[in-house]
Amino acid sequence: MSEFLQAKDNRKILHVDIDAFYAQVEMRDNPALRKVPLGIGRDPDKHHGHGVIATANYVARKAGVHSAMGSIEAKRACPDLVFVAPDFDKYRRISGQIHAIFHEFTDTIEPVALDEAYLDVTENKMAAPTLAAQLRHRIWQETKLTCSVGVSYNKVLAKLGSEHHKPNGVTVIPHELAEDFMLKLPIKDFRGVGKKTLLKFEKLGVKDGRDLKAMSLDDLRVYFGSFGDVLYWQARATHFSPVKDRSVRQSVGKESTFELAIHDRQAVEAAFKDLAEKVVANMQKKKLLGRTLTVKIRDDDFKTQTKGLTLAGTFDLDPAFMTRQAMLIFDEAYPEDFSVRLLGLTFSNIIEQKYEAVSLFDQF
Ligand SMILES: [Mg+2]
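Conventions used here
Residues numbered from 1 in each chain as written. Predicted model: local features only at pLDDT ≥ 70, side-chain atom pairs only at ≥ 80, totals over all residues. Heavy atoms only, no water. UniProt positions renumbered as here; feature names shortened; annotations may be inferred. Donors = N, O, S within 2.8 Å, 3.2 Å for Na, K, Ca; no water. Helix = DSSP H or I, 4+ residues; strand = E, 2+ residues; numbered from the N terminus. Buried < 20%, exposed > 50% of the residue type's maximum accessible area, 1.4 Å probe, protein only. Domains from an automatic or database assignment. Contact = heavy atoms within 4.5 Å. Buried area = accessible area lost by both parts, 1.4 Å probe. Salt bridge = Lys/Arg side-chain N within 4 Å of Asp/Glu carboxyl O. Polar contact = N/O pair within 3.5 Å; in protein donor to acceptor, adjacent residues only side chain to side chain. Nonpolar A, V, L, I, M, F, W, Y, C, P; charged D, E, K, R; others polar. Pairing = 2+ DSSP bridges. Axes fitted to C-alpha atoms, helices over the stretch in contact; angles between N-to-C directions. Core = buried A, V, L, I, M, F, W, Y, C linked by side-chain atoms within 4.5 Å. Phe/Tyr/Trp six-rings, centres within 6.5 Å; stacked < 30°, edge-to-face > 60°. Lys NZ or Arg CZ within 6 Å of the ring centre and 35° of its normal.

As recorded by an unreviewed UniProt entry, the chain carries the name DNA polymerase IV and is attributed to Fructobacillus papyrifericola. The Sequence similarities (unreviewed entry) field of the UniProt record for the chain holds the comment "Belongs to the DNA polymerase type-Y family." A UniProt comment under Subunit (unreviewed entry) is attached to the chain, and it reads "Monomer."

Set out below in structure tokens:
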């Protein structure tokens, strides 16, 4: 067993993430935006108070603006915030340029978002940090955009690396530093730890990787279900999920619209449960698994919210679990009164089940 683990640890993985992608593109194309707090999203004053911030530049972030924040809230935090509506066609074009550059380095690429991907460069003879430097240079040359890169032997560490020195930085986490890096890591920075998980950890007195590592696998499973396994291995700087080539398809999902708006939380839960069962049946039939679960909610005045949850591994195809996740997102979106016209549940980041079964640790 340990020999197998060691063998699979012998990889060179890069995680590449363009810094504040949409905002950086707009600042590149209009330098007057560089020094002002910039939010990519619709101006609430021009859109009846609607709009969500897709990305903010670093000036706006300092003022407390962050992505997924409602535009009104963002404006409250930062009254001078300049809004620019997103131009997704442009971002997709640039994303294509960036992906072409990735392919100069390896063909084993797992896209995570338009501006973010894992690259397995194990086969490349050059040292991974040198490759990271060259990649950053090529992206700058072609697009005049900066990115952050993490370099390590697995995806979780590579991703943590790219987040470590943002923006415009490189962080290399070799074997000999990995354990120490994870011990010091605040618990909120572990992959998949959101608000609710954080709250549980607070109650348990778990503050960082060191505290987490002290917990047994059994205890972690009791508190966090199958996510306990993910946490257990993360604390040990161990993660064997391969860099997966492009997904077999975009998404599998289902939506329900309601003739009469729903106002009752229990009815929402029942609707999500019904959707989850249908989506799971469809995934089973097609023998697929997904890493991202997206919830879509449209209310009575046609405001649509979509929120996704992405795991380092794939979701268990469990309607009860999906329903719980959907309700967490729903409760965050509508803490009080609501009037819902449409609900949707969609899996994206899809892979085939047979592919997942290849590796013992893929479920993480
Ligand atoms: Mg980015």
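**Q** Hey, could you run me through the coordination of the magnesium ion in this one?
**A** Note on metal geometry: ideal angles are 109.5 degrees for four donors arranged tetrahedrally and 90 or 180 degrees for six donors arranged octahedrally. For the magnesium ion, the full set of protein donor atoms is Asp-17 (OD), Ile-18 (O) and Asp-115 (OD), and the range of their distances to it is 2.1 to 2.3 Å. Read N to C, the donor residues that coordinate the magnesium ion are spaced as D-I-x96-D. Of this pair, Asp-17 sits in strand S1 (residues 13-18) while Asp-115 sits in the loop between strand S5 (109-113) and strand S6 (116-120); the two residues are 98 residues apart in sequence, bridging distant segments of the chain. Classification of Asp-17 as buried rests on a relative accessible area of 7%.

**Q** Which parts of the structure should I look at to understand the domain arrangement of the chain?
**A** Many analyses report the size of an interface as the accessible area lost when the parts associate. Domain annotation of the chain identifies domain 1 (2-21 + 89-174), domain 2 (22-87), domain 3 (179-235) and domain 4 (251-356). One C-alpha centre belongs to domain 1, the other to domain 3; they are set 26 Å apart. Counting residues at the interface gives seven residues for domain 1, matched by six residues for domain 3. The junction of domain 1 with domain 3 conceals about 580 Å² of combined surface from both sides, 82% of it contributed by carbon and sulfur atoms. Run the count over domain 1 and domain 3 and you get one salt bridge. Glu-163 is the salt-bridge partner of Arg-191, the closest N and O atoms lying 4.0 Å from each other. For the interface between domain 1 and domain 3, the tally reads zero residue pairs in polar contact (both at pLDDT 80 or more). In terms of residue class, the side of domain 1 that touches domain 3 is made up of four nonpolar, one polar and two charged.

**Q** Explanation requested: the sheet that holds strand S10 (residues 288-299) in the structure shown.
**A** Neighbouring strands of a sheet are bound in pairs by backbone hydrogen bonds; such pairs are parallel or else antiparallel. Taking strand neighbours across the sheet as the criterion, the four strands line up as S9-S12-S10-S11 in an open arrangement whose pairing is antiparallel. Among the strands making up the open sheet, the edge pair consists of strand S9 (251-262) and strand S11 (304-310). Direction aside, neighbouring strands of the sheet carry axes that sit 15° apart on average. Across eight bridges, the pairing between S9 and strand S12 (residues 340-352) is antiparallel. Across the sheet, residue Thr-257 finds its bridge partner in S12, namely Leu-342.

**Q** Before we go on, may I ask you to explain the nonpolar core in this structure?
**A** When a protein is soluble and globular, its nonpolar side chains tend to lie buried together. Core analysis: the biggest nonpolar cluster contains 33 residues, and Phe-272, Phe-330, Leu-343, Leu-345 and Phe-347 have the highest contact counts within it. In this structure Leu-345 touches Val-252, Gly-253, Lys-254, Phe-272, Leu-275, Ala-276, Val-279, Leu-293, Thr-294, Val-295, Met-322 and Ala-326, once residues within four positions along its chain are discounted. Counting residues in hydrophobic clusters, the runner-up holds 32 residues, among them Ile-18, Phe-21, Tyr-22 and Phe-102.

**Q** Help me understand the packing of aromatic side chains in this model?
**A** One pass over the full model with this rule turns up 14 aromatic pairs. Among the aromatic side chains, those forming a connected cluster through ring pairs are Phe-21, Tyr-22, Phe-88 and Tyr-91. The residue whose ring lies beneath Lys-155 is Tyr-118, and the NZ or CZ to ring-centre distance is 5.2 Å. A cation over an aromatic ring shows up here: Arg-236 above the ring of Tyr-232, its NZ or CZ 3.7 Å from the ring centre.

**Q** Got a minute to help me understand unusual backbone geometry in this structure?
**A** If a residue is not glycine, its phi is most likely negative; likewise, a peptide bond is most likely trans. A cis amide bond links Lys-166 to the next residue, Pro-167, at an omega of -10°. Of note, Pro-167 is situated in the loop between helix H7 (155-164) and strand S8 (170-172). Its identity is not glycine, yet Ala-20 carries a phi of approximately 40°, on the positive side. With respect to the secondary-structure elements, Ala-20 resides in the loop between S1 and helix H2 (21-29). Residue classification places Ala-20 among the buried positions, given a relative accessible area of 9%. Phi at Lys-287 is positive, roughly 55°, even though this residue is not glycine. Secondary-structure assignment places Lys-287 in the loop between helix H13 (265-286) and S10. We classify Lys-287 as exposed; its relative accessible area is 52%.

**Q** Mind showing me how you'd approach the UniProt feature "site: Substrate discrimination" (unreviewed entry) in the chain here?
**A** In the numbering used here, UniProt assigns the feature "site: Substrate discrimination" (unreviewed entry) to Tyr-22. As for its position among the elements, Tyr-22 is in helix H2. If near-sequence neighbours (up to four positions away) are discounted, Tyr-22 is found in contact with Ile-40, Ala-54, Thr-55, Phe-88, Tyr-91 and Leu-114.

**Q** Can you help me understand helix H12 (residues 227-235) in this one?
**A** Given 3.6 residues per turn, any residue in an α-helix points the same way as the ones three and four places further on. Taking burial as the measure, the nine residues of H12 include nine buried ones, the bulk of the element. Taken residue by residue, H12 has Phe-227, Gly-228, Asp-229, Val-230, Leu-231, Tyr-232, Trp-233, Gln-234 and Ala-235 as its buried positions. Buried residues along H12 sit in contact with H7, helix H8 (175-184), helix H9 (195-204), helix H10 (209-213) and helix H11 (217-224). In the segment just after H12, Ala-237 is the residue with positive phi, at about 55°.

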